[in-house]
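Fold and geometry: a report
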Amino acid sequence: MHARADAADTVPNWPDDIFATLQRFDVRQVPYVPDAGHSKLIQRVLDSSTMRGIPLTTEEEGVALLAGAWAGGQRGVLLMQSSGVGNCINMLSLISILRFPFLTLVTMRGEWGEFNPWQVPMGSTTQGVFELSGVQVLRASSAAEVPAVLEAAASQAYNALTPTAVLLSQRLIGAKVFTK
């Protein structure tokens, strides 16, 4: 599976913009579920000497990991796909109870050019799930929007302790297709 060549940004530099913002905000721990949409960012994290990439078996582990990172004096960001947001619903209650900074970057599925019907239900409800769970939602649909959206999201999450999710639209990451 890969992103289509007709993606809005065929040479994605926006993952580098995200990485630079995370560095400026002194993010140290980056839990993630492997995802093609986050692959360049994940590789930047894994190559970094200042950040620790932590592969997860399921997304809700990342919410608890961010709480633990904060308790240990470090900032983190959770990387996941929209289909994993539903796995986190119960764990999202930890954020308001423990009052820790929460920032997640979500690559969207089930929207722009989606081929897989299984991705549509969660993709169409991701924003609502976050909002009902007390997480503010920002969205980036083009590479030009990414730096400002990430800057605002990181500031909200880490400075104002406002739980924030950034939805990276499927138009930005490119619709996925199966190939032989």
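Residues numbered from 1 in each chain as written. Predicted model: local features only at pLDDT ≥ 70, side-chain atom pairs only at ≥ 80, totals over all residues. Heavy atoms only, no water.

**Some remarks on the pattern of salt bridges**
In the structure shown here, the tally under the stated rule is 5 salt bridges. One network of salt bridges, with partners in common, ties together Asp-16, Lys-40 and Arg-44. (Salt bridge = Lys/Arg side-chain N within 4 Å of Asp/Glu carboxyl O.)

**Description of the pairing of strand 8 (residues 164–168)**
Across the 5 residues that make up strand 8, a large majority, 5, are buried. Of the two faces of strand 8, the one carrying Thr-164, Val-166 and Leu-168 and the one carrying Ala-165 and Leu-167 are both buried. The sheet contact formed by strand 6 (residues 103–107) and strand 8 spans 5 bridges and is parallel. Each bridged residue has a counterpart across the sheet, and for Thr-107 the counterpart in strand 8 is Leu-168. (Buried < 20%, exposed > 50% of the residue type's maximum accessible area, 1.4 Å probe, protein only. Helix = DSSP H or I, 4+ residues; strand = E, 2+ residues; numbered from the N terminus. Pairing = 2+ DSSP bridges.)

**Digging into helix 2 (residues 39–47)**
For helix 2, the full list of buried residues reads Leu-41, Ile-42 and Val-45. Within helix 2, the buried residues cover an arc of 100 degrees as seen down the axis, which keeps them to one side. (Arc of directions from axis to C-beta.)

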